[in-house]
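Observations on the three-dimensional arrangement
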Amino acid sequence: MDEGRKIWAPDNVHGFVLGTISDLGVDTITIQPLNGQDAIAAPYDSVFPAADDSLGDVDDNCKLMYLNEATLLENVRVRYSKDKIYTYTANILIAVNPYHDMGTLYSSSQVAKYKGQSLGTLPPHVFAIADKAYRDIRNLRQSQSIVVSGESGAGKTESTKYIIRYLTEAWGTGAGAIEQRLNEANPVLEAFGNARTIRNHNSSRFGKFVEIHFDAEDKVVGGFVSHYLLEKSRVCAQLRGERNYHIFYQLCAGASAETRKKLHLAAAEGSKYLNKEGVIADPLTNDVKAFQIVQGALEKIGVSESDKMKMFRVVAAVLHLGNVQFAADTSNPKGGSFVQPQSKDSVDVIAELLGLESSDLEAALTGRIMTPGKAGGKGTVYRISLKLHEAVAACDAFAKALYVSLFDHVVEKVNQGFSFKESSTYIGILDIAGFEFYQTNGYEQFCINYCNEKLQQFFNNRVLKEEQELYVKEGLDVEVVTFADNQDCIDLIEAKSVGIIDLLDEESRLPQSSDMHFCQVLHDKHKKHFRLAFPRDTKFAVTKSMRDDEGFVVRHFAGAVCYKAAGFIDKNNDALHENLEILMIDSKEAFVKSIFESYLKKQEATSPQSKRKSGGRKLALVSIGSKFKSQLADLMGKLKSTGASFVRCIKPNLKNAPSTFMGGEVLSQLHSAGMMSVLDLMDDGYPTRTPFHGLHELYKNRVPSTLTSLDAKSFCEALFKTVGMHESDYKFGETSVFFRPGKFAEFDQIVEPDSGRRTALVSKTVLWFVKARWRKAQYAVLSIIKLMKKIQYRANSRIVIQKTAKMYLAKKKHQQRFKIASKLKMLLERLTFMRTLVQSLNKSSQERLLATIETYENGVNSMLTKVKSTEMNRIVLQAKYKELLAKVHSLLETLETAQKQQKVEASNATAMRVAFEAEKQSREEMELRERQEDEARKEKAEMEARRKKEEEEARKQQALLEQEKAAKALQEKLIAEEEAKKMKITEQERRDHELALRLAQESGDQSVAAKSTRQSLRRSVLVTEKQEARAQQKHDLSQWKYAELRDVINTSCDIELLEACRAEFHRRLKVYHAWKLKNKKNVDAATSKGEEDHKRAPDAIIETAKLSSPPEAAPKKPQEVQPAEVPQRYFRVPFVRPSQKGQPGQSKGWWYAHFDGNWIARQIDMYPGKKPVLLVAGKNDIDMCELSLTETGLTRKKGAEILPQQFEEQWSRLGGPQYSRPANRKK
Ligand SMILES: Nc1ncnc2c1ncn2[C@@H]1O[C@H](COP(=O)(O)OP(=O)(O)OP(=O)(O)O)[C@@H](O)[C@H]1O
Ligand SMILES: [Mg+2]
């Protein structure tokens, strides 16, 4: 076991705790925490190696020694403890809320410091992100957006303010008016749109997208604020401990006595809209002071005193509306209501403030007008009295509508303050409520979370998907990183006709609509949808007891949220009673009339097709949900058309306290912020890139003209070589150069214009360039010489080819004639020889025979001439030759007869016989040769046919193999997809659980935390399957401790058990080593550079093993083995370092292995220049080859196996201890 190795183990409270390994299990690893708490058994994929330096921190998480969630969390924690609240993960900024004043962190001198500096050159800062966006505008001429996200209270709005301040201060015109107004807009927007909530004392209850516009010279020319989803319900009611919008309290506390008198305002405590459940005083806010600031800010953005007063009149009117009380009209048999006498004053005040007739207002609040359709009397208008609850609802709806129209007006005023005529580009900063989850959640949370789903998808697409697509397009070889796609969740919400939004709209159109029915339909429509569940599936008593038609659970990217359906239909509908609208439009107060008119116009503008139904309160206008859906689509369109930067705000604790870091809380937020996927991608990704021409443009003024005349790519090459950038720090793509995290800043610093090194750098570049040109020239000359030689060689070869071909053709054409000609010559020789024979005959025979010979000779000669001069076909030639041959044969026979007849001299006769024999033999030889030639020809033809057949068979075999391979690949793909699906479910379950835990912690619910731990959820389905399979085996060793297995191996005499233990032991080692490999050190971390991990086996063996079986292959059932049968085999494999491949001597090392049966028993590592390492199983297992002999492929490796004596010799020479085989143990 890796003694003392520091490991991070999962922990619900701290996120991770540091410990050391105490046991290696089947699927889990047991860690003994250093803080003394109980040992933790966690799955391999939830524990991570820790860096040795526990107090060090890095600016960019990509530079961590180990890139994993535990080290990321630890880095953020250590930095936070040092008051470094900002950290990068590549180009994304993590901002942890400090909850205290950061001193000079945001001072003007800091603004000046960050101005124009590349990201990474200075410590992480929100200013650096703002500056990057600005410089991207300049360099890429493309508008930019900065998405600031995070939970409520994480610091989004503060960060947004700092970004705006930085951009206006660093890159404003300097004139000041516009810049000041851009900054002053904040207190105004916050007064009307922020409120104290349980999570944040200054929570923005609306989303905003602030655009800062720049002219062609990239100077600030103005701005524009778009707002989203103001939380209307807060106007009339707040949760316990929360407050209404700040402006109500500020007005009550801060307005002068005279103003308060005009507005008939008393203390805030007197207002029903402020004193129901909520609190009035906020210890963290000084309402009087805040009111003064708002007054001043309103003035600075150009709102006059009288306009201010008009706004305050509406605010006051809303407060007074809260005090109007109604009572049921018992005298009316159809039911009805009236304003209680004690509230009459309030109605009068409201009427006065809004420029209405008091009686009209009272009538509109207690009744509505009905214009009957065709059936009723034409033109007759009926007044229907509202029931008590209807009157209360109408009054609240009126207050909300009033406040919303006022807020719209405030935003409009703000926008007028920094309006602009023309702009070239803009930086948009999005500050919108982050993901929200409570034990029960309403329509507002639903909309907010829907928005966050969309933003998460944008983040995934921009940071992970598009980034990876770009790598592929540019030809960079970067490993693919998968991420959870949340499109299915977005579809569940916004799909046409079946999505939650459309189902809700559909329900609102029904005559008898109800929240319950909507809920039923939703569950029916999406039975078994992965993202939708019943409240009973949750873990909390409050939601668990909810009926199926009372709510629904959406499994968002950040975790499961349970929504209570009650109120969904009402909140989805903005419409007011028509008579209230008419009343307002007829207001005598021009201001009130105009804000209400534009409010109505805005509603109608968003729904040109919608027609108001007379008197109906059923979805006369486009619903809030649909409106928000189209607003979001617009926003996404804007974001997609810009370059994006991300600021991920993190809330470090639930108490909003400084210096308190709750690891579990933060980890969950880091998960939701997608930081882990980014870290995975950046393991070998390139977050920064610059087009070649961009770099050329940027640096051409800093280098001499000799270099600027180069084309952009060559220029970049020259620049990079000369500045001495390490080759692994950047990569050249097709159009751009890509930098590893943090490396662009390094590069930028080197070529910094004011740097003293500039002259040296320029001369170095020039020198490099000259050298490069010289090298190129040398290379060109050598290439030309090589080419010339190649041409010569080819010319010679051509002659040989031609010669050979001609010869072949000539042979083919003339071979038969040549052969016949040779044979004819032989015939002539024979005839000449016959002449000598004839000499020995008597005269009479002599003359006759000589005449015949001569005739034949003439015949042969004439044929020879003919063969030489004419092309003849083989058959004719053969026939003619055979004819001549036959004649010669018959002549020979005649000669023989003559000889016999004569019998003159014995010697002559003998000579004749010998000659005859010789002639016969030569004839037979010739025939034999011809026969042999025929046979060889036949054999060759047969061989060729055989070869072709074999070739064909091999081809078929290959095709079959390929088919099998394709089928296997397909199967593997399917398995991988299945596994990915399972992983997605497991990951979602983990997030759901994490969220549930946080909620439980927040609400003090102990049951959830105690029931299940984070670790157990991470077990994949596969693990369970594997466990079941193991249970079927003879020896189930899954529950055994690592040390127990080792003890049995070292001491047991039960061979069967021993083998089972060895298999199990090595399997665990394999899993552990696979984990180590997966969590290997980050090559970018400076400290790990040049470090080489201990090798347990030569790379070639590990590669072979990878091909033969996956590391977690289940152990085979132990075979019945006898001790004597266990084979002992010895191997020796060389190590050659890649850089010194092919060189003898020093660079070569040897790896010796002794396998006792299927598992390693002893190992010798002999590295060049290092002391030999001798390892024995049972003692040094963690450093030894964990693979089985079969997996290593050593037995199939030529020359690897050695004799036992060779191993033993080496072992004892190096001083290895005596080895005793477990198989030799006696019982
Ligand atoms: N950089 C910072 N320095 C000091 N205090 C900060 C900083 N950022 C946030 N805070 C503190 O945290 C509080 C909450 O921050 P902020 O209002 O920006 O949260 P938010 O993410 O916008 O929340 P919500 O979604 O509720 O609007 C601030 O009022 C302030 O007290
Ligand atoms: Mg905010």
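Here, every reference points to the structure presented above.
Here the structure is a predicted model, which is why all the values come from computation and not from measurement.

Definitions and cut-offs
Residues numbered from 1 in each chain as written. Chains lettered and ligands numbered in written order. Predicted model: local features only at pLDDT ≥ 70, side-chain atom pairs only at ≥ 80, totals over all residues. Heavy atoms only, no water. Donors = N, O, S within 2.8 Å, 3.2 Å for Na, K, Ca; no water. Helix = DSSP H or I, 4+ residues; strand = E, 2+ residues; numbered from the N terminus. Buried < 20%, exposed > 50% of the residue type's maximum accessible area, 1.4 Å probe, protein only. Phe/Tyr/Trp six-rings, centres within 6.5 Å; stacked < 30°, edge-to-face > 60°. Salt bridge = Lys/Arg side-chain N within 4 Å of Asp/Glu carboxyl O. Near = heavy atom within 4 Å. Polar contact = N/O pair within 3.5 Å; in protein donor to acceptor, adjacent residues only side chain to side chain. Nonpolar A, V, L, I, M, F, W, Y, C, P; charged D, E, K, R; others polar. Contact = heavy atoms within 4.5 Å. Axes fitted to C-alpha atoms, helices over the stretch in contact; angles between N-to-C directions. Parallel < 35°, antiparallel > 145°, perpendicular 65-115°, else oblique. Expected span 1.5 Å × (residues − 1). Pairing = 2+ DSSP bridges.

Within the first shell, the magnesium ion (ligand 2) binds the protein through Thr157 (OG1) and Ser204 (OG), at distances of 1.9 to 2.1 Å. Within this pair, whereas threonine 157 is found in helix α4 (residues 156-171), its partner serine 204 is found in strand β10 (residues 203-204), the two being separated by 47 residues in sequence.

Positive phi is not limited to glycine here, since alanine 90 has a value of about 55 degrees. Note that alanine 90 resides in the loop between β6 (86-89) and β7 (92-96). Classification of alanine 90 by relative accessible area gives buried; the value is 7%. For histidine 264, which is not a glycine, the phi torsion comes out positive at approximately 55 degrees. Note on placement: histidine 264 falls in the loop between α8 (257-262) and α9 (272-275).

This brings us to the packing of aromatic side chains. Applying the stated rule across the entire model yields 41 aromatic pairs. With 5.6 Å between their ring centres and 90 degrees between their planes, phenylalanine 446 and tyrosine 563 make a pair best called edge-to-face. Here phenylalanine 446, found in helix α15 (residues 443-473), pairs with tyrosine 563, found in strand β20 (residues 559-564); they are 117 residues apart in sequence, far enough to count as distant. Since its relative accessible area comes to 2%, phenylalanine 446 is described here as buried.

Now for the pattern of salt bridges. A full pass over the atoms with the stated rule returns 61 salt bridges. For arginine 547, the salt bridge goes to glutamate 550, with nearest N and O atoms at 3.6 Å. Taking the relative accessible area as the measure of exposure, glutamate 550 reaches 27% and is therefore partly exposed. Between lysine 1070 and glutamate 1191 there is a salt bridge whose closest N-O contact spans 3.0 Å. A residue pair is termed long-range when its members are at least 10 positions apart, and lysine 1070 in helix α38 (residues 1055-1078) and glutamate 1191 in helix α40 (residues 1189-1192) qualify at 121 residues.

Let us now look at the site of ligand 1. Taken together, 20 residues surround ligand 1, and among them Asn97, Ser152, Lys156, Thr157 and Ser203 come closest. With respect to ligand 1, the side chain of tyrosine 106 contributes an N or O atom lying 2.9 Å from a nitrogen atom. At 3.0 Å, a side-chain N or O of asparagine 200 approaches an oxygen atom of ligand 1. Taken together, the elements giving at least two residues each to the shell around ligand 1 come down to α4 and β10. At four residues, α4 tops the list of elements feeding residues into the shell around ligand 1. Per-class residue counts for the shell around ligand 1 are six nonpolar, eleven polar and three charged.

It is worth spelling out the environment of leucine 504 at this point. Checked against the element boundaries, leucine 504 lands in helix α17 (residues 500-509). C-alpha of leucine 504 to C-alpha of isoleucine 569: the two residues are 65 residues apart in sequence and 6.8 Å apart in space. Setting aside its immediate chain neighbours within four residues, leucine 504 contacts Tyr443, Phe518, Phe568, Ile569 and Asn572.

This brings us to the packing of helix α5 (residues 177-193) against helix α14 (residues 388-417). Contact pair α5 / α14: the axes reach a minimum separation of 9 Å and the direction vectors enclose 170 degrees. Here α5 is positioned roughly antiparallel relative to α14, judged by the angle of their axes. Residue-level contacts link Ile178, Arg181, Ala185, Val188, Leu189, Ala191, Phe192 and Gly193 of α5 to Tyr403, Leu406, Phe407, Val410, Val411, Val414 and Gly417 of α14. Here the residues of the contact of α5 with α14 are counted per class, giving twelve nonpolar, two polar and one charged.

On to helix α23 (residues 624-640), then. End to end, α23 covers 24 Å across 17 residues, agreeing with the expected 24 Å (1.5 Å per residue, within 8%). Of all the residues in α23, the buried ones are Ile624, Gly625, Ser626, Lys627, Phe628, Leu632, Leu635, Met636 and Leu639.

This part takes up the sheet that holds β6. Taken in spatial order, the seven strands of this open sheet run β6-β7-β21-β8-β17-β11-β12, and their pairing is mixed. Looking at strand neighbours, the two that pair on one side only are β6 and β12 (220-228), the edges of this open sheet. Taking the axes of each pair of neighbouring strands and ignoring which way they run, one obtains an average angle of 20 degrees across the sheet. Bridging between β7 and strand β21 (residues 643-650) involves four bridges; their strand directions are parallel. The residue bridging alanine 95 from the neighbouring strand is cysteine 649, located in β21. The strands that α15 touches are β7, β8 (144-149), β17 (425-431) and β21; relative to β21, the one it contacts most, it runs at about 125 degrees.

Before going further, it helps to examine the sheet that holds strand β22 (residues 688-691). Pairing is antiparallel across the open sheet formed by three strands, whose spatial order is β22-β24-β23. Edge positions in the sheet fall to β22 and β23 (730-732), since each of these pairs with one other strand and no more. Shown here is a sheet whose adjacent strand axes are inclined to one another by a mean of 20 degrees, direction ignored. Pairing between β22 and strand β24 (residues 736-739): four bridges, direction antiparallel. Residue pairing in the sheet places arginine 689 in a bridge with phenylalanine 738 of β24. Helix α28 (residues 712-723) contacts β23 and β24 of the sheet and is inclined by roughly 155 degrees relative to β23.

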